[in-house]
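Close look at the chain arrangement
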Amino acid sequence: MNETRRALLDALAAGPVTGPTLAERLGVSRAAVWKQVEALRDEGFDIESTNGGYVVSGVPEYGAAAIEYGLDAPFSVEYHDSIGSTNDRARELAAEGVENVAVVADAQTGSRGRLKRAWSAPAGGVWVSLLVRPKQPPAHVPLFTLAAAVAVTRVCREVGVDASIKWPNDVLVSERSETDGSQSTNERGGLKLVGILTEMEGEADRVSWLIAGIGVNANVDAADLPEGATSLREQLGEDVDRRVFVQRLIAEFVALCEHPDDILPAWREHSATLGQRVRVETPRGDVEGRAVDVVTPGALVVRTSDGDVTVHAGDCEHIRPV
Ligand code: BT5
């Protein structure tokens, strides 16, 4: 992680700034500033040298520096055109002691879902793993999965896609009827736009690291995805600016992690599951009933014919009322 580059990008984003001012602010030589500016130009930034100092007049479409430029969160970005799995790379960084990093890839060749399921990640998606070291105990980790779901759902809505969360970690869009255009949901609760895989390591009372792996089908054709999936491109009929999407995603996730009390209320607001009849497959058997609430640290409360059951983990299906 290059802290000088991040500081330089922040200074450039704030407006015209001269080489000597940058050198002083960053605590490096003027030659070092010049070298970094040249490196950014090589990465595709248009940086003009004016009387008032350096002015950025063009930012590359995607990439580490492009995402860091104007990023409203203390995060650095590592970018790969193609990688096995961004979560695996984030785990390596976690083992090296790093934190507050987003590993981003254009395509993944070995990405994972939960329970060792495969995840398709063709070029054009937003495939990102956020590595953080929360202060909360391991028992609170499910809350961060919900935070990732809320953050990504908010950003999907910002770009104009009416996404909502299926407990605990899928972000769906309801299917549009081809005949009358009305929105409806299928057995899965809709078409899957986003998947989230949270991984962590910790001791009894302390999380060592947590990785929120978020896969958004962004600028990809639905035909290149498994059945039952959709993409932002399919929903919008055009591509989204992935650079801004990732910036907003990181900023929203960080803000929720800083205010964990906001997570559950925000989750309830963005949920497709609450109020629905659901069947949750759990290790101790299926639980069927109406989903009535989500409670700390992210458990679903299902009202069954035998009373309320609190489910902590499992695959959840939205079922149509008979
Ligand atoms: C998930 O698992 O939904 C979590 C997916 C997490 C992917 C991200 S991408 C960045 C980071 N790096 C990784 O290696 N992983 C994370 P699960 O709930 O188990 O759903 C997996 C199922 O979703 C598969 O069995 C397929 O049926 C379906 N699926 C696979 N790829 C899909 C896609 N691109 N879009 C929608 N559905 C997909």
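Next up on the list: the site of the ligand. In the vicinity of the ligand there are 26 residues, among which Ser85, Arg112, Arg117, Lys192 and Asn217 approach most closely. Taking Thr86, its side chain carries an N or O atom lying 3.0 Å from a nitrogen atom of the ligand. Asn217 has a polar side-chain atom sitting 2.9 Å from a nitrogen atom of the ligand. Burial of the ligand by the surrounding chains reaches 89%, relative to a free accessible area of 800 Å². Taken together, the elements giving at least two residues each to the shell around the ligand come down to helix 5 (86-95), strand 5 (126-132), strand 10 (191-202) and strand 11 (207-216). When residues in the shell around the ligand are grouped by element, the largest group, 4 residues, is from strand 10. In terms of residue class, the shell around the ligand is built from 9 nonpolar, 12 polar and 5 charged.

With that out of the way, let us pick up the state of the cysteines. Summed over all chains, the structure comprises 0 disulfides. Free cysteine Cys156: the closest other cysteine sulfur is in Cys257, separated by 17 Å. When its relative accessible area of 0% is taken as the criterion, Cys156 is described as buried.

With that out of the way, let us pick up helix 8 (residues 242-258). Look at helix 8: 24 Å from first C-alpha to last across 17 residues, which is about the 24 Å you get at 1.5 Å a residue. With 13 of 17 residues buried, helix 8 is to be regarded as a mostly interior element. Capping the start of helix 8 is the job of one residue whose side-chain oxygen sits 3.1 Å from the backbone nitrogen of Arg243: Asp241.

This part takes up the side chain of Thr230. Inspection of the secondary structure puts Thr230 in the loop between strand 11 and helix 7 (232-236). Looking at Thr230, the relative accessible area reads 0%, which means it is buried. Engagement of the side chain of Thr230 in a polar contact is seen with the side chain of Gln235, the distance being 2.9 Å. Every residue in contact with Thr230, bar those within four places of it in the chain, is listed here: Val173, Leu191, Lys192, Leu193, Asn217, Leu225 and Gln235.

The 7 strands lie next to each other as 3-4-5-11-10-7-6, forming an open sheet whose pairing is mixed. Of all strands in the sheet, those with a lone pairing partner are strand 3 (76-83) and strand 6 (163-166), marking the two edges. Here the strands of the sheet are splayed against their neighbours by 20 degrees on average, with no regard to which way each runs. Lying on the sheet, helix 6 (residues 141-158) is in contact with strand 6, strand 7 (170-173), strand 10 and strand 11; it crosses strand 10 at an angle near 150 degrees.

With that out of the way, let us pick up the pairing of strand 7. Where burial is concerned, the two faces of strand 7 agree: the one with Asp170 and Leu172 and the one with Val171 and Val173 are both buried. With 4 bridges joining them, strand 6 and strand 7 adopt antiparallel strand pairing. The residue of strand 7 that forms the bridge with Ile165 is Val171. Turn length for the strand 6-strand 7 hairpin, with the two strands adjacent in sequence and antiparallel, is 3 residues. As paired elements, strand 7 and strand 10 share 4 bridges and run antiparallel to each other. Bridge pairing in strand 10 places Val173 opposite Leu191.

To continue, consider the nonpolar core. Counting residues in hydrophobic clusters, the biggest one holds 63 residues, and the most contacted among them are Val152, Val194, Ile214, Leu232, Ile250 and Phe253. For this core, the leading source of residues is helix 6, giving 12 residues. Two domains each donate at least three residues to this core, and these are domain 2 (64-269) and domain 3 (277-318). When near neighbours in sequence (up to four residues on either side) are disregarded, Ile214 contacts Val126, Trp127, Val128, Leu130, Ala148, Val152, Val194, Gly195, Ile196 and Leu249. Formed by 17 residues, the second largest nonpolar core is a distinct cluster that contains Val17, Ala23, Phe45 and Ala65.

Calculation criteria
- Residues numbered from 1 in each chain as written.
- Predicted model: local features only at pLDDT ≥ 70, side-chain atom pairs only at ≥ 80, totals over all residues.
- Heavy atoms only, no water.
- Near = heavy atom within 4 Å.
- Polar contact = N/O pair within 3.5 Å; in protein donor to acceptor, adjacent residues only side chain to side chain.
- Areas by Shrake-Rupley, 256 points an atom, 1.4 Å probe, with all protein chains shown as cover.
- Helix = DSSP H or I, 4+ residues; strand = E, 2+ residues; numbered from the N terminus.
- Nonpolar A, V, L, I, M, F, W, Y, C, P; charged D, E, K, R; others polar.
- Disulfide = S-S within 2.5 Å.
- Buried < 20%, exposed > 50% of the residue type's maximum accessible area, 1.4 Å probe, protein only.
- Expected span 1.5 Å × (residues − 1).
- Contact = heavy atoms within 4.5 Å.
- Pairing = 2+ DSSP bridges.
- Axes fitted to C-alpha atoms, helices over the stretch in contact; angles between N-to-C directions.
- Core = buried A, V, L, I, M, F, W, Y, C linked by side-chain atoms within 4.5 Å.
- Domains from an automatic or database assignment.

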